[in-house]
Amino acid sequence: MAAYTRMAYYKDQGRVYKGTVKDVPGFDPEKDAAALRKAMKGLGTDEDVLIDVLVGRSNEQRQKIAECYKSQYGLDLCEDIQSEVSGSYETLLTALLCPADKYDAREICKALKGAGTSENVLIEILASRPKPCIQLLRKVYQEEFGSSLEDDIKSDTSGYFARVLVSLLQAKRDDPSFIDHAEAKKDAKIIFDAGEKICGTDEEAIISILCTESRPQLLQVFQEYHNLAGKSIEESLKRETSGTLEAALLAIVACIRDPPTYFAEQLYCAMKGSGTNEATVIRVMVSRSEIDLQDIKAAMKMKYGTTLHSMIQGDIGGYIGKALLKLCGGND
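Each value, and the rule that gives it
- Numbering of residues starts from 1 in each chain and follows the order in which that chain's sequence is written.
- With the structure being a predicted model, the display of local features is reserved for residues of pLDDT at least 70 and the display and counting of side-chain atom pairs for 80 or more, all residues being used for whole-chain, interface and lining totals.
- With hydrogens and water set aside, each side-chain value is computed from the structure's full complement of heavy atoms.
- Under the scheme used here, helices are H or I runs from DSSP no shorter than 4 residues and strands are E runs no shorter than 2 residues, and both carry numbers assigned from the N terminus.
- Accessible area is worked out with a 1.4 Å probe on protein chains only. A residue is then buried under 20% of its type maximum, exposed over 50%, and partly exposed in between.
- We call two residues in contact whenever any of their non-hydrogen atoms come within 4.5 Å of each other.
- For the accessible areas, the method is Shrake-Rupley and the probe is 1.4 Å, while residue cover comes only from the protein chains on display.
- When charges are tallied, Lys and Arg are placed among the positive residues and Asp and Glu among the negative ones, while His and the ends of the chain are skipped.
- By convention, the charge on Lys lies at NZ, on Arg at CZ, on Asp at CG and on Glu at CD.
- We define a nonpolar core as any set of buried Ala, Val, Leu, Ile, Met, Phe, Trp, Tyr and Cys residues linked to one another through side-chain atoms lying within 4.5 Å.
- Here is the rule: rings of Phe, Tyr and Trp (six-membered ring for Trp) pair when centre to centre is within 6.5 Å. Planes less than 30 degrees apart are stacked, more than 60 are edge-to-face, and the remainder are tilted.
- Salt bridge, as used here: a side-chain nitrogen of Lys or Arg that lies within 4 Å of a carboxyl oxygen of Asp or Glu.
- When the sulfur atoms of two cysteines come within 2.5 Å, that pair is taken as a disulfide.
- Polar contacts here mean pairs of N or O atoms no more than 3.5 Å apart (in protein, one a potential hydrogen donor and the other a potential acceptor; neighbouring residues in sequence count only if both atoms are side-chain atoms).
- Starting at the helix axis, one direction is taken to each C-beta atom, and the arc is that of these directions.
- The convention used is that axes are lines fitted to C-alpha atoms, helices contributing only their stretch in contact, and that angles between N-to-C directions extend from 0 to 180 degrees.
- For classification purposes, an angle smaller than 35 degrees is called roughly parallel, one larger than 145 roughly antiparallel, one from 65 to 115 roughly perpendicular, and anything else oblique.
- Crossings are classed by handedness, with left-handed meaning an anticlockwise turn of the near helix from the far one by less than a right angle and right-handed meaning a clockwise turn.
- Think of it as three bins: nonpolar holds Ala, Val, Leu, Ile, Met, Phe, Trp, Tyr, Cys and Pro, charged holds Asp, Glu, Lys and Arg, and polar takes everything else, Gly as well.

### What about the overall build of the chain?
Secondary structure assignment for the chain yields 21 helices and 0 strands. Projected onto its principal axes, the C-alpha positions of the chain cover 70 × 45 × 40 Å. When burial is assessed residue by residue, the chain has 49% of its 332 residues classed as buried. Restricting to contacts in the chain with at least 6 residues of sequence separation, those with at least 24 account for 73%. Summed over its atoms, the accessible surface of the chain is roughly 15100 Å², and 48% of this surface lies on carbon and sulfur atoms. Here the chain carries 42 positive and 51 negative side-chain charges, and the mean point of each set is 3 Å from the other.

Below, the structure written as structure tokens:
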């Protein structure tokens, strides 16, 4: 299981490839390692080479480049990059170099152990990752940081929000086999009775269903709920919950309905208006670049009438902007 990455999961599912980054044919890790060493050796740094090589290769290929770099020069590629660049640009390049099965664990660790807890990062990762990836995340987090992810989440969050995260961490979501229509009607009524029908909200009942049922089953539950309540489950959750609990439950529903649209919203909100949340842009684009970034781009254009490429171009300059545009893969 240790070598089982996010990318491997999606490939095993027979999913149609719609990322913006893929393996480069004729890949030569020794040649790439030499190009990177030359780009950073001596005075100045050839940023174009860093971007072309690191953004233009798949995560698996980057790991081979890093191995060759260390064997050929006795140096750590990530450390050399950190000594040459800084700020968000450094964050992006080191994220690209991070093994895919460790990236989520490191992002969650930063969210938990930085100044304050970044609830949005915890919500984004735990609500969107499928069962095998959550199982791997727990294992890698323990190996990397020597502590239980569940214990760390419990110590940094509280209330029903903590209970949602812990429930998602159990990775007990049913495997998609068939849709039980009778059970979907039953669950829709349980959610309705837990929220709209009573004074107050039975959060436990809602959490249990949203965190354990399979995607096809939940989609049917959402439809049955709309039939019963005359409104979407999102409308009810917004009315019956608030704060981080509301954000977590809405993220779960959004990721069940359509993950690309969920991530398109994260990217759009990170760049709209004054100021840009570059950390969110980097995290989403790096983590989805080999999975569904093309789908995310299409969802953004459909929902907001603008392209990811144009938003990056208008909001993020310098070498990090150039690298993100390459990662974006075109203005479509």
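Here the narrative resumes.
### Concerning the nonpolar core
The biggest cluster of nonpolar side chains holds 98 residues, and the ones touching the most others in it are Leu-210 and Met-285. Among the elements that make up this core, the one with the highest residue count is helix α16 (residues 243–257) (9 residues). Sequence-distant contacts of Leu-210, that is, excluding residues within four places in its chain, are made with Arg-173, Leu-218, Phe-222, Ile-233, Leu-237, Leu-249, Ile-252 and Val-253.

### Some remarks on the packing of aromatic side chains
Tallying each qualifying case throughout the model produces 6 aromatic pairs. A ring pair is formed by Tyr-262 and Phe-263, whose centres lie 5.1 Å apart and whose planes are at 70°; its orientation type is edge-to-face. Note on accessibility: Tyr-262 and Phe-263 belong to one class, buried.

### Some words on the environment of Ile-207
For Ile-207, the location among the structural elements is in helix α13 (residues 203–212). According to the relative accessible area criterion, Ile-207 is buried, its value standing at 6%. It is 20 Å that separates the C-alpha atoms of Ile-207 and Asp-152, two residues lying 55 residues apart in sequence. Contacts of Ile-207, omitting those with residues within four sequence positions, involve Tyr-160, Val-164, Ser-167, Leu-245 and Leu-249.

### Some details on the pattern of salt bridges
Tallied over the full model, the rule gives 20 salt bridges. Two residues, Glu-144 and Lys-102, come together in a salt bridge whose shortest N-O distance is 3.6 Å. Highlighted residues: Glu-144 in helix α9 (residues 131–145) and Lys-102 in helix α7 (residues 100–113), separated in sequence by 42 residues.

### Overview of unusual backbone geometry
Of note in the backbone geometry, Ala-171 takes a positive phi value of approximately 50° without being a glycine. Position of Ala-171 among the secondary structure elements: in the loop between α11 (159–169) and α12 (181–194). Given the relative accessible area of 7%, Ala-171 is considered buried.

### Quick notes on the state of the cysteines
Using the criterion set out here, one finds 0 disulfides in the structure. With no disulfide of its own, Cys-98 lies closest to Cys-78 among cysteine sulfurs, the gap being 8.1 Å. Assessed through its relative accessible area of 5%, Cys-98 is described here as buried. Cysteine Cys-211 is unpaired, with the sulfur of Cys-255 as its nearest cysteine sulfur at 12 Å.

### Some remarks on the side chain of Arg-173
The topology assignment puts Arg-173 in the loop between α11 and α12. For the buried Arg-173, no salt bridge exists, and the shortest N-O distance to an oppositely charged side chain is 7.5 Å, to Glu-213. Reaching out from Arg-173, the side chain makes a polar contact with the backbone oxygen of Leu-210 at a distance of 2.9 Å. A polar atom in the side chain of Arg-173 sits 2.6 Å from the backbone oxygen of Glu-213. Setting aside chain neighbours within four positions, we find Arg-173 in contact with Lys-131, Leu-168, Leu-210, Cys-211, Thr-212, Glu-213, Ser-214, Leu-218, Ile-252 and Ile-256.

### Overview of the side chain of Ser-214
Residue placement: Ser-214 occurs in the loop between α13 and α14 (215–229). Assessed through its relative accessible area of 3%, Ser-214 is described here as buried. At a separation of 3.3 Å, a polar atom in the side chain of Ser-214 contacts the main-chain amide nitrogen of Gln-217. With residues up to four places along the chain from it excluded, the contact list for Ser-214 reads Arg-173, Asp-174, Asp-175 and Pro-176.

### Let's talk about helix α20 (residues 308–315)
Along α20, the positions that sit buried rather than exposed are Leu-308, His-309, Met-311 and Ile-312. Each buried residue of α20 lies within a common arc of 165° when the element is viewed along its axis, so the set occupies one face. Facing away from the buried surface of α20 by more than 90 degrees, the exposed residues are Gln-313 and Gly-314.

### So, the packing of α7 against helix α8 (residues 119–128)
For the pair α7 and α8, the least separation of the axes is 9 Å and the interaxial angle reads 150°. By the criterion of interaxial angle, the relationship of α7 to α8 is roughly antiparallel. When you trace α7 past α8, the crossing you get is left-handed. Where α7 approaches α8, its residues Asp-104, Glu-107, Ile-108, Ala-111 and Leu-112 are matched on the opposing element by Val-121, Leu-122, Ile-125 and Leu-126. Classifying every residue of the contact of α7 with α8 gives 7 nonpolar, no polar and 2 charged.

### Some points on the environment of Ala-105
By secondary structure assignment, the location of Ala-105 is in helix α7. Among the residues examined, Ala-105 registers a relative accessible area of 0% and is labelled buried. Sequence separation between Ala-105 and Tyr-141 is 36 residues, and the spatial gap between their C-alpha atoms is 5.2 Å. Setting aside residues up to four positions removed in sequence, Ala-105 forms contacts with Leu-137, Val-140, Tyr-141 and Phe-145.

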